[in-house]
Structures are given as C-alpha cells and as structure tokens.
Amino acid sequence: MTFLDLRAAHRALDRAIDRLYRRQGFGSELDRAEHLLGLYEAAAAALIGRPRRSRSR
C-alpha cells in the first residue's frame, strides 16, 4: 500500500463517518473530532452514571 492509497482510504473513511453521523457532513477535521468525542463522552457518561460536562468551543 502506497501513501496515496492510504490517503484515499482515509478520505473514504471520513466520508463514510460523515454519512453515518451527520447528514450535512462536517466543515473541518476539528468539527468531526468534536462531534465524535461529544458522542463518546455522552456514551461513557451513561455507562458510568455521571452527567456529561458541557464542551465549550
């Protein structure tokens, strides 16, 4: 696998994640990461029984 193959695979994965988690997609890598981490924090908080803390931008 070359660097270009890896880059294409990464872009395809980003597009798949965008379609799964947000219909309109994400404006940037940071927007995607914040959204996914927010989902993770909510799921983790539910598992351990703690309220989710607010994420400020």
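In what follows, the accompanying structure is described. (Residues numbered from 1 in each chain as written. Predicted model: local features only at pLDDT ≥ 70, side-chain atom pairs only at ≥ 80, totals over all residues. Heavy atoms only, no water.)

1. Points about the overall build of the chain
So, step 1. Along the backbone of the chain there are two helices and zero strands.
So, step 2. Considering the chain as a whole, with its 57 residues, one finds that 14% of them fall into the buried category.
So, step 3. As displayed, the chain has an accessible area near 5100 Å², and 58% of this comes from carbon and sulfur atoms. (Helix = DSSP H or I, 4+ residues; strand = E, 2+ residues; numbered from the N terminus. Buried < 20%, exposed > 50% of the residue type's maximum accessible area, 1.4 Å probe, protein only. Areas by Shrake-Rupley, 256 points an atom, 1.4 Å probe, with all protein chains shown as cover.)

2. Overview of the packing of helix H1 (residues 3-21) against helix H2 (residues 29-48)
So, step 1. As a packed pair, H1 and H2 sit with axes 12 Å apart at the nearest point and diverge in direction by 50°. By the angle between their directions, the pair H1 and H2 is classed as oblique. Considering only the axes of H1 and H2, their crossing is left-handed. Between H1 and H2, the residues in contact are Asp14, Ile17, Asp18 and Tyr21 and Glu29, Arg32, His35, Leu36 and Leu39, respectively.
So, step 2. Taken together, the residues of the contact of H1 with H2 break down into four nonpolar, one polar and four charged. (Axes fitted to C-alpha atoms, helices over the stretch in contact; angles between N-to-C directions. Parallel < 35°, antiparallel > 145°, perpendicular 65-115°, else oblique. Left-handed = near helix turned anticlockwise from the far one by under 90°. Contact = heavy atoms within 4.5 Å. Nonpolar A, V, L, I, M, F, W, Y, C, P; charged D, E, K, R; others polar.)

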